[in-house]
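# Understanding the architecture of this molecule
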Amino acid sequence: MSTPFPVTPAANELPTPPRALLRGTQVERFEILRVLADAASNIEYVALDQTERIEVVLKEYMPQRLGRRKGDALRPLTPGAAIPLAAGLRSFIDEGRMLASIDHPALVRVLGMIEANGTAYMVMPLYDGLRLQHARQSMSVPPDERLLRPLIDGLLSALEAMHAREMLHGAVSPGNILLLSDERAVLLGPDLARLVIADDLVESLMTAVEPSFEAPEQLTPSASKPLGPWTDLYSLAETIRFCIGGELRPPYVVPGGQRETMARMVQRLFGQPPTAVYAPALLETLDAALDPYASARPQSAARFRELLGVLPVETEAPPALAPMPGPPHADALAPL
């Protein structure tokens, strides 16, 4: 059976950064084996669960801009860093508890939380896969609708599980979705700590240079623009737009200042008639979810699914998927 995206797991071991725990360090029943990923607000390790005798991921809250390690413990880098450091830690713990409360195959699983050494650790499964962003960028032709639908269905279901508990994800994007070797997509965590401790100037600069998959109400927050399920659905639609078009830059704007519709994007990229075929229901649902006005979007995952309808039998497939020449980008085996 063909897969919608090439999935090449990474196996390279990262060098141990100076601020990381050393190999052999014990965190309760877990023994640190190696560093998996080093991000601005956390460090991920492959660790051995000495009770279950399995390898897991230990994600440690360790913001490099605010804290330093004294012995094994996290301490503020400066006296002024103490308050934001503590606020980020609370958000990290809240996110871990939120994810631990939901057991869904398309949502990253948190098996437990550990509070120790002045910081906290999420215990997660060791996933084997590739980020959606890099998988799509390694393809020479787009995935057709028949291959996109399982991805959409899984992510919709994960968001629906969160929304049912009155939780929002807030960070759905191609870089935050892991494609596993068993063809399943897993939505990674939103990294709430990073948002809490981010420097306003740094965030504004990053927003200017990085493609955004956030809804308008996230970019310009106000009391008159509340966040809700429609916010996550906007980001999901942006993610699928990227999967189809392969374009990370901001959405194309047609003359007159209007955003390009999905149908026009397909025509622009794939010709007329297009070499990649997508049913009108899919393109129109994405357009509806990408409306700048939140009230005009589908208000729930169930409504989004209803608008999609069933996959039409007459949908034609584009040429067989093939990765572009050269090795695809390899990612860490677990969420950042």
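What you see is a predicted model; the values in this text were computed from it and never measured. (Residues numbered from 1 in each chain as written. Predicted model: local features only at pLDDT ≥ 70, side-chain atom pairs only at ≥ 80, totals over all residues. Heavy atoms only, no water.)

Here six strands make up an open sheet; going across it, the order is 1-2-3-4-8-7 and the pairing antiparallel. Strands at the two margins of the open sheet, each flanked by one partner only, are strand 1 (26-27) and strand 7 (112-116). Note that strand 4 (residues 54-61) and strand 8 (residues 119-125) share five bridges and pair antiparallel. Along strand 8, the bridge assignment pairs Leu58 with Val123. Sheet contacts for helix 1 (residues 82-100): strand 4, strand 7 and strand 8; angle to strand 8, the most-contacted strand, approximately 25°. (Pairing = 2+ DSSP bridges. Helix = DSSP H or I, 4+ residues; strand = E, 2+ residues; numbered from the N terminus. Contact = heavy atoms within 4.5 Å. Axes fitted to C-alpha atoms, helices over the stretch in contact; angles between N-to-C directions.)

Right, let's get into the confidence of the model for the protein. Residue-level pLDDT values for the protein average 85, and 83% of them are 70 or greater. Confidence over residues 200-209 falls short of pLDDT 50; this stretch has two contacts with residues more than four positions distant or in other chains. (pLDDT = per-residue confidence, 0-100.)

Direction of pairing for strand 5 (residues 67-70) relative to strand 6 (residues 73-76): antiparallel, over a ladder of four bridges. Pairing of Arg68 across the sheet is with Arg75, part of strand 6.

Moving on, we come to the sheet that holds strand 10 (residues 177-180). Pairing in this open sheet of three strands is antiparallel, and the strands run 9-10-11 from one edge to the other. The open sheet has two free edges, formed respectively by strand 9 (129-131) and strand 11 (185-187), since each of these has just one partner strand. The average angle at which neighbouring strand axes cross in this sheet is 30°, direction not considered.

Attention now goes to the pattern of salt bridges. Under the criterion given, the structure shown has 15 salt bridges. Glu60 is paired through a salt bridge with Arg69; the nearest N and O atoms lie 2.9 Å apart. For Glu60, a relative accessible area of 0% puts it in the buried group. Across the pair Glu306 and Arg303 runs a salt bridge whose closest N-O atoms are separated by 3.0 Å. Note that Glu306 and Arg303 are positioned in helix 10 (residues 301-308) at a spacing of three residues, about one turn of the helix. (Salt bridge = Lys/Arg side-chain N within 4 Å of Asp/Glu carboxyl O. Buried < 20%, exposed > 50% of the residue type's maximum accessible area, 1.4 Å probe, protein only.)

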